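These are the residues of each chain, in order.
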Amino acid sequence: PVSSNHDEISLNQVFEFREPVITIGRDEANDITLKCPNISSKHCKLIRKSIDNDNIPDTIFVEDTSSNGTWVDKKKISKQRVLIHDGVEIVLVPGSKKRKRKKLSYFFHLDNKGKNDERHKRGGQDTLQSKYYVIRDLGKGAFSTVKLV
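As the structure is a computational prediction, the values presented were derived from the model and not from experiment. (Residues numbered from 1 in each chain as written. Predicted model: local features only at pLDDT ≥ 70, side-chain atom pairs only at ≥ 80, totals over all residues. Heavy atoms only, no water.)

Visitor: Tell me about the sheet that holds strand β1 (residues 21-25), and please be specific about residues and values.
Guide: Reading across from one edge, β2-β1-β3-β4-β7 is the order of the five strands in this open sheet, with mixed pairing throughout. The open sheet has two free edges, formed respectively by β2 (32-33) and β7 (81-84), since each of these has just one partner strand. (Pairing = 2+ DSSP bridges. Helix = DSSP H or I, 4+ residues; strand = E, 2+ residues; numbered from the N terminus.)

Visitor: An account of the pattern of salt bridges is requested, with residue identities and associated values reported.
Guide: Overall, the coordinates contain two salt bridges when judged by the stated rule. Here Lys 35 ties to Glu 28 by a salt bridge, and the two come within 2.5 Å at their closest N and O atoms. We classify Lys 35 as partly exposed; its relative accessible area is 37%. With relative accessibility at 56%, the residue Glu 28 sits in the exposed group. (Salt bridge = Lys/Arg side-chain N within 4 Å of Asp/Glu carboxyl O. Buried < 20%, exposed > 50% of the residue type's maximum accessible area, 1.4 Å probe, protein only.)

Visitor: Go over the pairing of strand β8 (residues 89-93), please, and point to the residues and values.
Guide: β8 sits mainly inside the fold: five of its five residues count as buried. Pairing of strand β5 (residues 71-72) with β8 involves two bridges; the strand directions are antiparallel. In the strand pairing of β8, Val 72 is matched with Ile 90. Of the strand pairs in this sheet, β8 and strand β9 (residues 104-107) are connected by four bridges, and their pairing is antiparallel. When the sheet's bridge partners are listed, Ile 90 is paired in β9 with Tyr 106.

Visitor: Residue-level account of the pairing of β1, with values.
Guide: Moving residue by residue along a regular strand, the side chains alternate between the two faces of the sheet. As judged from the four bridges shared by β1 and strand β3 (residues 44-49), these two strands associate in the antiparallel manner. Following the sheet pairing, Ile 24 is matched in β3 by Cys 44. In the sheet, β1 pairs with β2 via two bridges, with the strands oriented parallel. Its bridge partner being in β2, Ile 24 is matched across the sheet by Ile 32.

Visitor: Before we move on, could you go through the sheet that holds strand β6 (residues 75-76) and cite the residues and values that matter?
Guide: Within the open sheet, the four strands sit side by side as β6-β5-β8-β9. Their pairing is antiparallel. The two strands at the open ends of the sheet, each matched to only one other strand, are β6 and β9. The sheet contact formed by β5 and β6 spans two bridges and is antiparallel. Residue pairing across strands places Trp 71 opposite Lys 76, the latter belonging to β6.

Visitor: Tell me what's going on with the side chain of Thr 70, and back it up with residues and numbers.
Guide: Structurally, Thr 70 can be placed in the loop between β4 (59-64) and β5. At 3.3 Å, the side chain of Thr 70 and the side chain of His 43 are in polar contact. Here the side chain of Thr 70 touches Asp 64 through a polar contact of 2.8 Å, side chain to side chain. With residues up to four places along the chain from it excluded, the contact list for Thr 70 reads His 43, Cys 44, Asp 64, Lys 75, Lys 76, Ile 77, Ile 90, Val 91 and Leu 92. (Polar contact = N/O pair within 3.5 Å; in protein donor to acceptor, adjacent residues only side chain to side chain. Contact = heavy atoms within 4.5 Å.)

Visitor: I'd like to hear about the nonpolar core, residue by residue, with values.
Guide: Counting residues in each nonpolar core, the largest one holds 21 residues, and the members touching the most others are Ile 24, Leu 34, Ile 84 and Leu 92. Elements with a minimum of two residues in this core: β1, β3, β4, β8 and β9. Here this core gets three residues from one element, more than from any other, and that element is β8. (Core = buried A, V, L, I, M, F, W, Y, C linked by side-chain atoms within 4.5 Å.)

Visitor: Account for the environment of Asn 38, naming residues and giving values.
Guide: Along the polypeptide, Asn 38 turns up in the loop between β2 and β3. A C-alpha to C-alpha distance of 6.5 Å links Asn 38 and Val 93, two positions 55 residues apart in sequence.

Visitor: Describe the environment of Arg 18, listing the residues and the values that go with them.
Guide: Here Arg 18 is to be found in the segment before β1. Owing to a relative accessible area of 61%, Arg 18 belongs among the exposed residues under this scheme. Through-space distance from the C-alpha of Arg 18 to that of Arg 48 is 9.0 Å; in sequence the pair is 30 residues apart.

Take it as geometry only, folks, not as evidence of what the structure does.
The following block contains the structure:
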């Protein structure tokens, strides 16, 4: 999650998706249950469409099924299915200072054979470069560059 300081531990996790459809919501029947009053009981779905070809990456969609709304890269996708790509931010609960509500969002990272091969080419098993894929530079200062991994 973007903010890992939620009081509810289930909101501070990283999730790995292996199934073709993953449901997310407050209800226990979901694949991922998030204990947050601002999450709908059936908030959204992640849908993976695969083609049996190693050269063609999977296609991933997020579908809003909530009454509260879901945002993809700051755009509300009310009751729609939207194609997502590696590095997008999916916001389930927008932050609000007025309502004293913390933002709850996750970055989506698509791991595939090409990305894994690239990581291994860049360094040995115990280096930062071999364990993470740099999506983009976030900022640069006099002494360092901050990267989103």
